[in-house]
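# A structural walkthrough
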Amino acid sequence: MTITPPALSVFETLESEVRSYCRGWPAVFDRAQGARLTDEDGHSYLDFFAGAGSLNYGHNNPVLKRALIDYIERDGITHGLDMATTAKRAFLETFQNVILRPRDLPYKVMFPGPTGTNAVESALKLARKVKGRESVVSFTNAFHGMSLGSLAVTGNAFKRAGAGIPLVHGTPMPFDNYFDGQIPDFLWFERLLEDQGSGLNKPAAVIVETVQGEGGINVARAEWLRALQELCHRQDMLLIVDDIQMGCGRTGDFFSFEESGIVPDIVTLSKSISGYGMPMSLCLFKGELDIWEPGEHNGTFRGNNPAFVTAAATLDAYWADGQMAQQTRARGQQVEQTLLAICGEHDSARFRGRGLVWGLEFDDPARASAVCARAFELGLLLETSGPQSEVVKLLPPLTITPEELDEGLRTLARCVRETA
């Protein structure tokens, strides 16, 4: 299939230059279902992007759509601030019974606002309030959001520069394997903490992604995460896991940190927690950390009740029996086998990932963008990640069928060959 870019007149003349995804995918999309989108000219696209991880259960999932339509048709509450509603109660009870209790996780639930960066800002604010300190440690190539507090713990220089002011109270440390195994884990971090002359203020917390999605699909080892938790406990720092893109089953388990056996002090969730792509985020934290005063952190749109409805339906449909995690791992093995074959054919390529998040990296950074551009021409939506956009990022819906996944992987292999 060859796609002819449409005339995007109103988008080009009226919309801000800040738009980005539409530049790589010059189509006007009209409908979507499951793992496919359709543009206004009737061209179909297989989606290996999934709303940047917001559509883990596909577009217009029929189970979730039915729950949402029923709720709207009975005039259920749409906007509720933080008022008690039947929809919020149903979500909280389902989240507790399906997710928290079976994992013995001792978390309180906070609704900080509709986006991932809202959740991160609340986590940072809470950690500083609890510990009475300002500094927060993050990691190289981290991405935590686009508001100022989140940018201060983000590594990407381009995104940080957009702040326009100094980004303070954040200190970067090397992520797992940053030095290719040449330096022992946390050697530099511990030395700075213990040296009174290092200039590092005692941190309130450490924030980490178990898999750095925007940073290039950098996967932290389970033993590295366990050692990080131990370091935090030893040095009286809170451990925050940003699970905004990698949570809700993306790596297999519901939380990406489950495999390592750690229990973070604070966890942020967003993207696919609503199940349907609607704005919703959570900040989870251990009960003893709940020292907020009423109204000390709030937001007008933290009570998105339709999102509570689809979120509860998602948990009931996909997480009550444990099948989703097994299916995601099986689909991940399917991806891994294809990437092994691609890298066997192209010695300039490497891959890494977990579950259904994978990255294909090339020696020539420009190659990844060329692969994604060719994929669009062939009806496959892929994006790049990494500080130089050097990684092709695979993020299909968790509900994708084996046949659809195979179709997309065959297209990917073709694109790599054709851009060699």
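Look a little higher up for the structure.
Residues numbered from 1 in each chain as written. Predicted model: local features only at pLDDT ≥ 70, side-chain atom pairs only at ≥ 80, totals over all residues. Heavy atoms only, no water.

### Observations regarding unusual backbone geometry
Glycine aside, residues mostly have negative phi angles, and peptide bonds mostly take the trans form. Its identity is not glycine, yet Ile217 carries a phi of approximately 55°, on the positive side. In this model, Ser389 sits at a positive phi of 55°, which is unusual for a non-glycine residue. Along the polypeptide, Ser389 turns up in the loop between β16 (383–385) and β17 (391–394). Among the residues examined, Ser389 registers a relative accessible area of 30% and is labelled partly exposed. (Helix = DSSP H or I, 4+ residues; strand = E, 2+ residues; numbered from the N terminus. Buried < 20%, exposed > 50% of the residue type's maximum accessible area, 1.4 Å probe, protein only.)

### Focus on helix α11 (residues 305–318)
Over its 14 residues, α11 runs 20 Å from end to end, which matches the ideal 20 Å to within 8%, given 1.5 Å per residue. Turning to α11, its buried residues are Asn305, Pro306, Ala307, Phe308, Val309, Thr310, Ala311, Ala312, Ala313, Thr314, Leu315 and Tyr318. Where the residues of α11 are buried, they touch α4 (62–73), α5 (86–100) and α12 (323–345). (Expected span 1.5 Å × (residues − 1). Contact = heavy atoms within 4.5 Å.)

### Some thoughts on the sheet that holds strand β1 (residues 29–33)
Read from one edge to the other, the open sheet built from four strands follows the order β1-β2-β3-β15, with strand pairing classed as mixed. For this open sheet the edge positions go to β1 and β15 (380–381), each flanked by a neighbour on one side alone. (Pairing = 2+ DSSP bridges.)

### Points about the packing of aromatic side chains
With the rule as written, the count across this model stands at 20 aromatic pairs. An angle of 55° between the planes, with centres 5.1 Å apart, marks the rings of Phe175 and Trp224 as tilted. In this pair, Phe175 sits in the loop between β6 (170–173) and α9 (187–194) while Trp224 sits in helix α10 (residues 222–234), placing the two residues 49 residues apart along the sequence. Just as Phe175 is buried, Trp224 falls in that class too. An angle of 90° between the planes, with centres 5.2 Å apart, marks the rings of Phe254 and Trp319 as edge-to-face. Remark: Trp319 occurs in the loop between α11 and α12 and Phe254 occurs in the loop between β10 (238–242) and β11 (266–269); sequence separation between them is 65 residues. Pair check on accessibility: Phe254 and Trp319 agree, each one buried. One aromatic cluster is present, built from ring pairs that chain together Phe91, Phe95, Phe111, Phe254, Phe255, Phe257, Phe308 and Trp319. (Phe/Tyr/Trp six-rings, centres within 6.5 Å; stacked < 30°, edge-to-face > 60°.)

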